[in-house]
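In case you want the letters, here they are:
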Amino acid sequence: MSARRAGATAAEQLALELPLELPAITLAPEWKDQQRLWGHPFHPMCSYLASFPAALTHAFIARYSRPGDVVLDPFSGRGTTPLQACAEGRIGVGNDLNPFAHLLTAAKVEPPTRAQAATRLAQLRLAWNAGSAGWLELGARVFAHPTAGDAVVPRAGSTASPADGIEAVPAEVALAFHPRTLGQLLFVRTTLRLDDRTDRFLAAALTGILHGKSASYLSELMPNTFSMAPRYVRNFAARTAFASPERDVFEGLSKKLDRLFRQPPPRTQGLALLGDARDVAGRARAALRASGRPDRARLVVTSPPYLRVVKYGYYNWLRTWFLGFDARAIDAALDDAHHRKPYLAFVREALAGLRPALTDDAVVVLVIGDVLTDRGRQIRGGVGLAERAWEMAAEPEGYRLAGVALDDVAAGRKMTKLWGDEAGRATKTDRILVLGATESGRRRALAGAGLDIDWSWPPRALRSL
Ligand SMILES: C[S@@+](CC[C@H](N)C(=O)[O-])C[C@H]1O[C@@H](n2cnc3c(N)ncnc32)[C@H](O)[C@@H]1O
């Protein structure tokens, strides 16, 4: 699809697509050599589209921040940057406009202790054992007639009282689970309070085991990476006479908690904010001050939404149903469907909004996808996006350029996994713009580029903290 906008002249369009050479920053991309699950076990809590490998964030956190510094990601997604920052003794702050991303980030940077999580799970089991009959009956009714009027269920996070609201269950949700598993999920979904730290952690952990192709998942209807289109799911289930095996929610969650707490939670607590990246500075600084911490970030590692690639609500509809979020409202709110010019204007606004939250010597690392095709369709505006982001978004806002680093291998792997071979070209290269908030930030970025990084996990320097 052409990125040409109504109103853009041919000359403007051409100017936007011409290559632009930028200086390279010599940063050995050692993050590509690390194991897929390198880093803290909270990182893979739940799959999230277009997320960073944790090792990539470590390459910058280790170089450009010290323990006690604030490290910010205004588009935090599953929370990779803030979690890795907390795990390295920094104050990790994540912000995202997607409530599902906010939930994952909050679960990771403000987690309960292992004992709190285990105690809450035990309470849930007891409450289930005491009142399972009604939920099992409801699960069976919904399974048989999901959209019928007599099969309505309490809303997520309600008291299970009709006064709190009831809703029908989408047919695709009902056919994804064994009726008994569905009864347990309806109980857990109604009971967990997402504004409680421990409940939120359990809910986030459950989203990570909701669907996937092995016995550790509650439904094998879909892969773990993302939810298949509802129509596809209905047809697939009918064609294959799909019947989900029975899976015990409490057992599955208990095993998931064991995996998550294989290492202790990060010692440093971070912050998770819900809102638009363009006004993150005021909210982040107020929240940091309120908790008695420094209120400016010394490092930002972030990746703004890519050009026309991901619908975070639609591709997570089963998870958003479980959490009680509206997938359509999420996609209507998020900035992920821009053509090139408005996209660059958006990145510029985000960088302008970010500046008051930065120290003068802050380093800002922007990972930008160079998009050639979106699920097989050509996108003309994708190539050279990082260069344009510098020219049209960062430079006009007063940032200083240290250079561009490349991450082609990781990007190819990531997108191929998502869309299959044909669409493996969706993101050709991740280009990483390394910026300074001022000249002193730029110098710091250049000086740190050649530093040797400890890739052992947990890093030796932290073991003694
Ligand atoms: C490429 S993803 C970031 C992934 C992240 N680096 C990770 O490791 O998970 C971009 C994120 O931007 C978020 N987003 C889109 N529009 C936004 C906006 N206006 N303000 C804040 N976040 C936004 C999306 O929800 C998505 O999580």
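In the block above lies the structure referred to throughout.
Below: a short report on this structure. (Residues numbered from 1 in each chain as written. Predicted model: local features only at pLDDT ≥ 70, side-chain atom pairs only at ≥ 80, totals over all residues.)

1. Quick look at the overall build of the protein chain
Looking only at helices and strands, the protein chain has 18 helices and 11 strands in total. Considering the protein chain as a whole, with its 465 residues, one finds that 48% of them fall into the buried category. (Helix = DSSP H or I, 4+ residues; strand = E, 2+ residues; numbered from the N terminus. Buried ≥ 20, exposed ≤ 12 C-beta atoms within 10 Å, placed from the backbone.)

2. With respect to the nonpolar core
In terms of nonpolar packing, the biggest core is built from 125 residues, with A297, L299, V365, A389 and L433 touching the most fellow members. Residue contributions to this core peak at eight residues, all from strand β7 (residues 358–371). Shared between two domains, this core holds at least three residues of each, these being domain 1 (10–108 + 270–304 + 338–453) and domain 2 (114–260). Leave out the neighbours within four places in its chain, and V365 touches F60, V300, V301, I432 and V434. (Core = buried A, V, L, I, M, F, W, Y, C linked by C-beta atoms within 7 Å. Domains from an automatic or database assignment. Contact = placed C-beta atoms within 7 Å.)

3. Things to note about helix α14 (residues 340–354)
Here α14 is 15 residues long and its end C-alpha atoms lie 21 Å apart, about the 21 Å a rise of 1.5 Å per residue gives. Every buried residue belonging to α14 is among R340, Y343, L344, V347, A350, L351 and L354, and all of these are buried. For α14, the arc enclosing every buried residue in end-on projection is 120°, short of the 170-degree limit, so these residues lie on one face. (Expected span 1.5 Å × (residues − 1). Arc of directions from axis to C-beta.)

4. Here we look at the packing of helix α3 (residues 80–87) against helix α4 (residues 99–109)
Remark: α3 packs on α4, axes separated minimally by 9 Å, with the N-to-C direction vectors making an angle of 5°. When the axis of α3 is compared with that of α4, the two are roughly parallel. On the side of α3, the interface is formed by P82, L83 and C86, while α4 contributes T105, K108 and V109. Looking at the contact of α3 with α4, its residues break down into four nonpolar, one polar and one charged. (Axes fitted to C-alpha atoms, helices over the stretch in contact; angles between N-to-C directions. Parallel < 35°, antiparallel > 145°, perpendicular 65-115°, else oblique. Nonpolar A, V, L, I, M, F, W, Y, C, P; charged D, E, K, R; others polar.)

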